[in-house]
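# Descriptive structure summary
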Amino acid sequence: MTREEVKGIIKKLRDAYGNKIEITNESLNIWCDCLKDCNNKFMPEAVRRYISNNEYPPTIASIMKCYKEVDAEYRDMHRKVMYEYESGIECYLGEKHGKEDFKAFSEYIRTFESYSDKIRAASEFRHQCIAKMRDIEHKASIGENTEVPSLVEFINDLKKKEA
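Looking now at helix H2 (residues 25-35). For H2, every residue scored as buried is listed here: Ser-27, Leu-28, Trp-31, Cys-32 and Leu-35. Buried residues in H2, looked at end-on, bunch into an arc of 140 degrees, giving them a common side. Among the exposed residues of H2, those pointing more than 90 degrees away from its buried face are Asn-25 and Glu-26.

Below is the structure:
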């Protein structure tokens, strides 16, 4: 995190805890040094969780503990989402997929707010891929002419269903 991002975190903590937080230039340097390797993407959520669950101002260690929990949850969610994506792709296209397919999937997943909604959407994506391929295989088995839509078209159709 940058010095400015750390200042923003401290401002939020001061807003929540009032005069209970004293920050000198030296203490700001310590906070910056300890938080320098943190991703600012997760720190606001860690601070929000800390404030929501504690009546006293945090130590750097207690903020880091919340940060590590948020980071671990994100990594777990990301792993689950990627598993669902790869499973769905395998059913839908075999090994033939590229950057545009992944980009469309990523944009679709970003439309969901919570981790659980992202995982649910990824799981639904996999199930929809399986269902679509079964439908196409069934139509082909009874002699109907079938065309497999591109994965990007398929994902756009899923977006429309969600809306």
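So, about the nonpolar core. Val-6, Leu-13, Trp-31, Leu-35 and Met-43 are the most contacted members of the largest nonpolar core, which has 23 residues in total. Those elements that provide at least two residues to this core are helix H1 (3-17), H2, helix H3 (43-53) and helix H4 (60-93). Here this core gets six residues from one element, more than from any other, and that element is H4. When neighbours within four sequence positions are excluded, Val-6 is seen to be in contact with Met-1, Leu-28, Trp-31, Cys-32 and Leu-35. Val-81, Ile-109, Cys-129 and Met-133 belong to the second-largest nonpolar core, a separate cluster that totals 21 residues.

Let's shift gears to the confidence of the model for the chain. Interpretation of this model should avoid reading the predicted coordinates in detail wherever pLDDT is low. When pLDDT is averaged across the chain, the result is 85; 96% of the residues are at 70 or more. Within the chain, no element has a lower average pLDDT than helix H7 (residues 151-162), which sits at 77, and none a higher one than H2, at 96.

Rules behind the numbers
- Residues numbered from 1 in each chain as written.
- Predicted model: local features only at pLDDT ≥ 70, side-chain atom pairs only at ≥ 80, totals over all residues.
- Heavy atoms only, no water.
- Buried < 20%, exposed > 50% of the residue type's maximum accessible area, 1.4 Å probe, protein only.
- Helix = DSSP H or I, 4+ residues; strand = E, 2+ residues; numbered from the N terminus.
- Arc of directions from axis to C-beta.
- Core = buried A, V, L, I, M, F, W, Y, C linked by side-chain atoms within 4.5 Å.
- Contact = heavy atoms within 4.5 Å.
- pLDDT = per-residue confidence, 0-100.

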